[in-house]
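Each chain, written out:
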Amino acid sequence: MVVSENVKNAYKSNSITKYVTLYFPEIDREVSMRQIEFDSMRLSESVMESDSIAFVGCIASKFSIRVQALNEDVKGKRMIVTIHTEGTEDEPIPLFCGIVDSAVKQSNRQIKELTAYDELYTKGNTEVSAWYNSLSFPITLRDLRDSLFRYIGIEQAKTDLPNDGISIERQYEPNSLQALSVVKAVCQINGAFGIINRDGCFEYRILGDIEEEEGTYPSENLFPSEDLFPEHPTVKLAAAQRYAESINAEHFSFYKSVNYEEFEVKPVDKLTVRQSENDAGVSCGSGINNYIIQGNMFTYGLPVETLRTIAGNIYPNVQGFSYIPFTSQNNGLPFLECGLDAVSYTMIDYDQSTQGSVVYKQMVFYILRREMTGIQVLGDSYSAEGEEYQTEFVTDLQTQIDILKRNSSADNTYTKETIDEMFREVAEGGVIAVESVQDVPKPPTQNVIYLIRGEVMVV
């Protein structure tokens, strides 16, 4: 988020008063600071929460706060949240835009605790099989995603995605299809992290590698050196700050804690697009750290040449993305956003080659997840999880179930063994089970796929 230096400096100060405002446009009701319980605000945002890299996102943001004397019923209402400081009233920062999920009145108190999620949380559950079955095929991926977001009522941020021009043919007629499954498939096939931004628009965020030149201070070729200023850590600190600015990361000289792994997540150097584990698929790149796109609804049934084009378009968005897993706690900077910004920290280290003398080390991290808490005592917790080497990630189970149901009813080619293999990973986790039966038991068990005389029933 682009803000002025005046705004940045205001939030870096602990002494400036901060103001949060809630606005409910449907009832034209504003809640100001005098009605908000002290430091009760909490905001959670994320573009990735798994240990392995997954270029998908689509994780709903969550906002909660406690307010006094709010007599109106705001459950199900849109809520817009902004924050500003004393002296920056003309530059409020949007914090959240979403729908109130619950408004719980506290016992014997005139206080309500509001919990809200962005619209992906609610509208992502929209049943869209009728929408999909009504589309005129062939259709480009761009026209399809534009049509989908109009159907579910979420505005998209205007952008061009690498596979927008791919033409999609009708491959199946789903009996049930969730909007979120389709949105995730769109993001995955473009190597983008999807997120509802602070203005309530769905945004595609594509990350690149942080161009970091790891450095320590003092140094023989960087000012200042130990020889020039042996007892001036503040001068060395200033040099570290200038270094952080050169790599375009928000710098923290003072912070509560930073913990990080001693490894860097290895960058993707190969991309494979396939339908299942038994499918060789197509690949781009020749490395060993393979990012696998599996079971995407838009790659099903496409010719190999088209799949190669898709893989080639995605690869630049995922190739080379590397980061150090970390967690940190520091002052709250609401203008920083997940999947858009990086942070840097000046950290004390010890040079073992010179009998453990103190040096200053600059570390840079991507913000993939954040928890903001408080108001006057505004704090941020940033993190990025990750494994050193990539493991595969399957996006959309529901689409595979629908494809399976269509093909099974058409030609009865799927056996129990085939279904077991397709859902092996899910079944091992206890989410889906597969049973071959003569008749469906009464009542049927939830989350079970029944194979009945060559047909498939999903319960």
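Remember, it's a predicted structure, so these values are computed and weren't measured experimentally.

What about the overall build of the chain?
Within the chain one finds 10 helices and 26 strands. The buried share of the chain, reckoned over its 459 residues, is 49%. Across the chain, the fraction of contacts at a sequence separation of at least 24, relative to all contacts at a separation of at least 6, is 68%. Here the chain displays about 21500 Å² of accessible surface, and carbon together with sulfur accounts for 46% of that area.

With respect to the sheet that holds strand 6 (residues 93–105)
If you walk across this open sheet you meet the 11 strands as 2-1-5-6-7-4-3-21-22-18-14, and the pairing is antiparallel. A strand with exactly one partner marks an edge of an open sheet, and here the two such strands are strand 2 (29–31) and strand 14 (257–260). Averaged over all pairs of adjacent strands, the angle between their axes in this sheet comes to 20°, without regard to strand direction. Pairing of strand 1 (residues 18–24) with strand 2, which is carried by three bridges, proceeds in the antiparallel orientation. Residue pairing across strands places leucine 22 opposite valine 31, the latter belonging to strand 2.

Focus: the side chain of aspartate 118
By the element assignment, aspartate 118 lies in the loop between strand 7 (111–117) and helix 2 (119–123). In this structure aspartate 118 is buried but unpaired, with arginine 198 as the nearest side chain of opposite charge at 9.5 Å. Here the side chain of aspartate 118 touches leucine 120 through a polar contact of 3.0 Å, landing on its backbone nitrogen. Apart from residues lying up to four places away in sequence, aspartate 118 is in contact with Ile59, Ala60, Ser61, Phe96, Cys97, Gly98 and Ile196.

Description of the pairing of strand 5 (residues 78–85)
Pairing of strand 1 with strand 5 involves six bridges; the strand directions are antiparallel. Looking at strand 5, one finds that leucine 22 is bridged to valine 81.

Description of unusual backbone geometry
Leaving glycine out, the prevailing phi sign among residues is negative, and the prevailing peptide bond configuration is trans. Cis peptide bonds are those with omega within 30 degrees of zero, and the linkage from phenylalanine 137 to proline 138 qualifies with 0°. Tracing the chain through its elements places proline 138 in the loop between helix 3 (129–134) and strand 8 (139–140). The phi dihedral of aspartate 28 is positive, around 50°, even though this residue is not glycine. Along the polypeptide, aspartate 28 turns up in the loop between strand 1 and strand 2. You can call aspartate 28 exposed: its relative accessible area is 58%.

Observations concerning the environment of arginine 66
In this fold, arginine 66 is placed in strand 4 (residues 62–68). The exposure class of arginine 66 is partly exposed, given its relative accessible area of 25%. Contact partners of arginine 66, with chain neighbours within four places excluded, come to Gln35, Ile36, Glu37, Ser40, Ile111, Lys112 and Glu113. Side chain to side chain, arginine 66 and glutamate 37 meet in a polar contact 2.7 Å long.

Considerations on helix 5 (residues 179–188)
Burial analysis of helix 5 places nine of its 10 residues in the buried class, which makes it a mostly covered element. Regarding helix 5, the residues found buried are Ala179, Leu180, Ser181, Val182, Val183, Ala185, Val186, Cys187 and Gln188.

Thoughts on the packing of helix 4 (residues 141–152) against helix 5
Contact pair helix 4 / helix 5: the axes reach a minimum separation of 11 Å and the direction vectors enclose 150°. Note that helix 4 runs across helix 5; the crossing there is left-handed. Residues Leu141, Leu144, Arg145, Leu148, Phe149 and Ile152 of helix 4 touch helix 5, and the partners they reach there are Ala179, Val182, Val183 and Val186. Looking at the contact of helix 4 with helix 5 residue by residue, the class counts come to nine nonpolar, no polar and one charged.

Description of the pattern of salt bridges
Per the counting criterion, the structure on display carries 19 salt bridges. Lysine 8 is the partner of glutamate 5 in a salt bridge, and the nearest nitrogen-oxygen pair spans 3.9 Å. Here glutamate 5 pairs with lysine 8, and both are found in helix 1 (residues 5–12), just three residues apart, close to one helical turn. For arginine 42, the salt bridge goes to glutamate 371, with nearest N and O atoms at 3.7 Å. With arginine 42 in strand 3 (residues 42–46) and glutamate 371 in strand 21 (residues 369–373), this residue pair connects regions lying 329 residues apart in the sequence. A single salt-bridge network, built from bridges that share partners, covers Arg142, Arg145, Asp146, Asp160 and Asp164.

Section: the packing of aromatic side chains
Following the criterion strictly, the structure yields 20 aromatic pairs and no others. Aromatic pair tyrosine 132 and phenylalanine 137: ring centres 5.4 Å apart, planes at 55°, arrangement tilted. The structure contains a cluster of three or more aromatic residues connected by ring pairs, namely Phe252, Tyr255, Tyr260, Phe326, Tyr345, Phe365 and Tyr382. Note that lysine 266 overlies the ring of tyrosine 389, its terminal NZ or CZ placed 5.4 Å from the centroid.

So, how was this worked out
- Residues numbered from 1 in each chain as written.
- Predicted model: local features only at pLDDT ≥ 70, side-chain atom pairs only at ≥ 80, totals over all residues.
- Heavy atoms only, no water.
- Helix = DSSP H or I, 4+ residues; strand = E, 2+ residues; numbered from the N terminus.
- Buried < 20%, exposed > 50% of the residue type's maximum accessible area, 1.4 Å probe, protein only.
- Contact = heavy atoms within 4.5 Å.
- Areas by Shrake-Rupley, 256 points an atom, 1.4 Å probe, with all protein chains shown as cover.
- Pairing = 2+ DSSP bridges.
- Axes fitted to C-alpha atoms, helices over the stretch in contact; angles between N-to-C directions.
- Lys, Arg positive; Asp, Glu negative; His and termini not counted.
- Salt bridge = Lys/Arg side-chain N within 4 Å of Asp/Glu carboxyl O.
- Polar contact = N/O pair within 3.5 Å; in protein donor to acceptor, adjacent residues only side chain to side chain.
- Left-handed = near helix turned anticlockwise from the far one by under 90°.
- Nonpolar A, V, L, I, M, F, W, Y, C, P; charged D, E, K, R; others polar.
- Phe/Tyr/Trp six-rings, centres within 6.5 Å; stacked < 30°, edge-to-face > 60°.
- Lys NZ or Arg CZ within 6 Å of the ring centre and 35° of its normal.

Don't take any of this as a statement about function, it's just geometry.
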